[in-house]
Amino acid sequence: AIVGLSKSKDKQIQANCAITLCNLSALDGSENKLVSENAVGALLVMSHVSVPVTETCMLTLSNLSCIEEMYSRIEDVNVAVLQLANLEMSPRMERMLVGCLCNLSCPKNNQGRLVEEGCVRVIARIIDALQPTPEAKPEGRALDTLRLCAKTLSNLSGCSRSRSKMTGQRVIPVLLKMA
């Protein structure tokens, strides 16, 4: 019902649907059910309503990415997070996005998928924005975001399938800049 209502043209209905999905995603073990019922597609549609709704959608994806074990169709969450990376974001939203990618990079069977889907390029772009030169010294939230970026790259490099693909996606210059 919620996914159906999310297609409404009314922005308030969409905002309420986004909040409902966010609340439902906070329930442990709800991830597979929400994803299989196309909640992720609904989140992508609703993410264009307003900045607060986009933040709610990002929080929902963050909840769906906080997992201990893989679930079917996790690639839907991967794709959604990487699509949202193309939106203009506040520093807070950017940190949420990188947090999602960091969470998604933990399961071994998901690391190769993330690299193939462009996670390294997104992380590199965020690092470039946060630390335009090696001399730049980010602080506060930007430093937290950089640390999450570094942890995500570390997780991804733990997969042998990902390593060669990562080197082809300009990860080495990004790492050298952060060092």
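Quick caveat, the model's predicted, so the values are computed rather than measured.

Scoring rules and cut-offs
Residues numbered from 1 in each chain as written. Predicted model: local features only at pLDDT ≥ 70, side-chain atom pairs only at ≥ 80, totals over all residues. Heavy atoms only, no water. Core = buried A, V, L, I, M, F, W, Y, C linked by side-chain atoms within 4.5 Å. Buried < 20%, exposed > 50% of the residue type's maximum accessible area, 1.4 Å probe, protein only. Contact = heavy atoms within 4.5 Å. Salt bridge = Lys/Arg side-chain N within 4 Å of Asp/Glu carboxyl O. Helix = DSSP H or I, 4+ residues; strand = E, 2+ residues; numbered from the N terminus.

This part is about the nonpolar core. Counting residues in hydrophobic clusters, the biggest one holds 55 residues, and the most contacted among them are Met46, Leu61, Leu64, Val77, Leu97 and Leu101. Among residues more than four places away in sequence, those in contact with Leu64 are Ser25, Glu31, Leu34, Val35, Val40, Leu43, Tyr71 and Val77.

Let us look at the pattern of salt bridges. Across all of its chains, the model carries 6 salt bridges by this definition. Ionic pairing is found between Glu55 and Arg92, a salt bridge with its closest N-O pair at 2.8 Å. With Glu55 in helix α5 (residues 51–65) and Arg92 in helix α7 (residues 91–104), this pair connects stretches of sequence that are 37 residues apart. The salt bridge partner of Arg161 is Glu116, with a shortest N-O separation of 2.9 Å. Of this pair, Arg161 sits in helix α11 (residues 160–167) while Glu116 sits in helix α8 (residues 108–117), placing them 45 residues apart in sequence. Counted as one network, the salt bridges with shared partners bring together Glu116, Arg161 and Lys165.

Remember, this is a structural readout, not a statement about activity or role.
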